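Spelled out, the chains give:
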Amino acid sequence: MTDAPDLGAEPRRIIHVANRNWLGAEKRHLGLRLANFKSAFVFILQSIVVGLAVAFLVVLVRPDLMPGIAEDAGRPSSYADAVSLSAPSVANIYTKRLVQESDDGTNRPRFRVDTAFASAVIIDEDGYLVTNYHVFQDEPTEIRVQFSDGRIAEPEIVGLDAETDLALLKVNLPGLQPIAFAESDNLRIGDVVLAIGNPYGLSTSVTQGIVSATGRNLYQLVTFANFIQTDAAINAGNSGGALINTLGELVGINAAVLAQDTGTEGIGFAIPVDLVRGVVEQIKLNGRVIRGYMGLLPDDLTDAERFALGIENSTGIMLMEVYEGGPAAAAGLRAGDIILEINGEPVYSQRQALLISASTAPGDEVDILAIRDDLRFTTTVTTGERPQGLVDTPD
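All values reported here derive from a predicted model rather than from experimental measurement. (Residues numbered from 1 in each chain as written. Predicted model: local features only at pLDDT ≥ 70, side-chain atom pairs only at ≥ 80, totals over all residues. Heavy atoms only, no water.)

Observations concerning the sheet that holds strand β8 (residues 192-197)
Heads up, the rule is: Note on pairing: DSSP must find at least two bridges between two strands before they are called paired. A run of DSSP states H or I qualifies as a helix once it reaches four residues; a run of E qualifies as a strand once it reaches two. Both are numbered from the N-terminal end. Only the stretch in contact is used when fitting a helix axis, every axis being a line fitted to C-alpha atoms; angles between N-to-C directions are given from 0 to 180 degrees. Here a residue-residue contact requires only that any non-hydrogen atoms of the pair lie within 4.5 Å.
Pairing is antiparallel in the closed barrel, where six strands are placed in the order β8-β9-β10-β13-β12-β11. With direction set aside, neighbouring strand axes in the sheet form an average angle of 45°. Where strand β11 (residues 242-244) meets strand β12 (residues 250-257), three bridges bridge the pair, whose relative direction is antiparallel. The partner of Ala242 across the bridge, within β12, is Ile253. Running at roughly 50° to strand β13 (residues 268-272), helix α4 (residues 273-286) makes contact with β12 and β13 of the sheet.

A closer look at the environment of Met294
Just so we agree on the cut-off: Only protein chains enter the calculation, and the probe is 1.4 Å; a residue is then buried if its accessible area is under 20% of its type maximum, exposed if over 50%, and partly exposed in between.
Following the sequence through the fold, Met294 ends up in the loop between β14 (292-293) and β15 (296-300). For Met294, a relative accessible area of 2% translates into the label buried. Separated by 87 residues in the primary sequence, Met294 and Val381 have C-alpha atoms spaced 7.0 Å apart.

A word on the sheet that holds strand β7 (residues 166-170)
If you trace the seven strands from one edge of the open sheet to the other, you get β5-β4-β1-β2-β3-β7-β6, paired in antiparallel fashion. Either end of the sheet is taken by a strand with one partner, and the two such strands are β5 (152-153) and β6 (156-161). Looking at chain direction, strand β2 (residues 111-122) and strand β3 (residues 128-131) are connected through two bridges and run antiparallel. Bridged to Ile122 within β3 is Leu129.

Considering the pairing of β12
By the criterion of burial, β12 is predominantly enclosed, with seven of the eight residues buried. A loop of five residues connects β11 with β12, the two strands running antiparallel in sequence, and Gly248 in this loop sits at a positive phi of about 85°. As judged from the five bridges shared by β12 and β13, these two strands associate in the antiparallel manner. What sits directly across from Val257, in β13, is Gly268.

Focus: the side chain of Thr164
With respect to the helices and strands, Thr164 occurs in the loop between β6 and β7. For Thr164, a relative accessible area of 0% gives the class buried. Setting aside residues up to four positions removed in sequence, Thr164 forms contacts with Val222, Phe224, Ala225, Ile271, Leu275, Val279 and Arg291.

Remarks on the layout of surface pockets
Put simply, the test is: In this analysis, the protein atoms alone were mapped onto a 1 Å grid. Cavities are point sets where a 1.4 Å probe fits without being able to get out; pockets are open sets with protein on both sides within 12 Å along at least five of seven lines; lining residues have an atom within 4 Å of a point. Grid points are joined across faces, edges and corners, and a volume is the space filled by probe spheres set on the points. Each residue receives one of three labels: charged for Asp, Glu, Lys and Arg, nonpolar for Ala, Val, Leu, Ile, Met, Phe, Trp, Tyr, Cys and Pro, and polar for the others, Gly being one of them.
Size it by volume and the largest pocket reaches roughly 490 Å³. Around the largest pocket sit 22 residues that line it, and Phe224, Asn226, Asp274, Leu275 and Leu355 are the ones nearest its centre. Of all elements in the fold, only β9 (205-217), β10 (226-230), α4 and α7 (350-359) reach the threshold of two or more residues within the lining of the largest pocket. When residues in the lining of the largest pocket are grouped by element, the largest group, five residues, is from α4. Of the residues that constitute the lining of the largest pocket, the class distribution is eleven nonpolar, eight polar and three charged. The calculated volume of the second largest pocket comes to roughly 270 Å³. As for the second largest pocket, its lining consists of 15 residues, of which His134, Asp165, Leu221, Ala255 and Ala256 are closest to the centre. Here the lining of the second largest pocket gets three residues from one element, more than from any other, and that element is β12.

Things to note about the pattern of salt bridges
What counts here: Think of a salt bridge as a Lys or Arg side-chain nitrogen and an Asp or Glu carboxyl oxygen that are within 4 Å of each other.
Scanning all chains against the criterion turns up 14 salt bridges. Between Arg386 and Glu163 there is a salt bridge, with its nearest N and O atoms 2.7 Å apart. With Arg386 in the segment after β21 (384-385) and Glu163 in the loop between β6 and β7, this pair connects stretches of sequence that are 223 residues apart. Residue classification places Arg386 among the buried positions, given a relative accessible area of 4%. By relative accessible area, Glu163 is classed as buried at 7%. Where Arg277 meets Glu183, a salt bridge forms, and the shortest distance between an N and an O atom there is 3.7 Å. Separated by 94 residues along the polypeptide, Arg277 in helix α4 and Glu183 in the loop between β7 and β8 bring together distant segments of the chain.

In structure tokens, the structure reads:
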């Protein structure tokens, strides 16, 4: 028989001694881990500081031990690498032509031989070279190309384009080194450029300058080239040579310099390489450049003319002449019409209109938005082929 519990006795209290001991142990372990982490962090930080200090002292005492510094120490900035990459791609051109002198009264014609110098740029391994059209404008009787390795060849004239002052030549020689092409649209005013050519017969002469301007229009020279202007010296014989960037890449073909006189210095021009690409492709394909033609002569509007016509922005060109029987006349356009848009593109200048027209192919349909007698109208011009040697810029 079990005794009954003593109801009057004091109840027992159960104390969780083991649990309290576990919490204390965890706190001690956490403190030890934090102390170890702090010691490790301090050690790593001290190692970094000491390492940087040692590296600083090494560079201070022995800078030649640093890669890249030893090779450049004591040497001025140079474009020699760019020149060494591109100069072998620039060739010299020598031309001769027979010129009849004035009659001396003996009824016996007298002739003299005129010689001239120019340059050319190798553009691929197949032997194609680019130079200027004006080098052959006077129809030389003899043309020779000399390369940087001393080899001489008589080139074939593949095609000429007077409207961009470009010519494409070809030689049958192995082992030619073509130049690398850049993107001339990426040029900025102030970029350093180098002109390489054959001025006055001085082979592989290099001059240095900057890009002074881009998009220069020189109607008295060519119709379509938006020239790069540079202060790198371009002299007689540099025509057709390379204008390169500091990476040795072709950005332009040297073409012209303003007449040297007392007040003119450091103004030369080069044809952008982006234009050169398109001309070369067309000449290779067709033997000439085929451009679209609308048969009109535009001119820029003045601000006063735009105000009088109620044109609020800077768009609009005036048709000074529409050629009889041409595509524009067939589409109903007349002299005096104001063109606002071509193919949905606002037109701001006669230069822009000319380039848009030339960029089309014969047979393309071109949508025109124009104004006549204060009324807007649209028409479609079917382009023809641009005649060779056409002059369609206003005087």
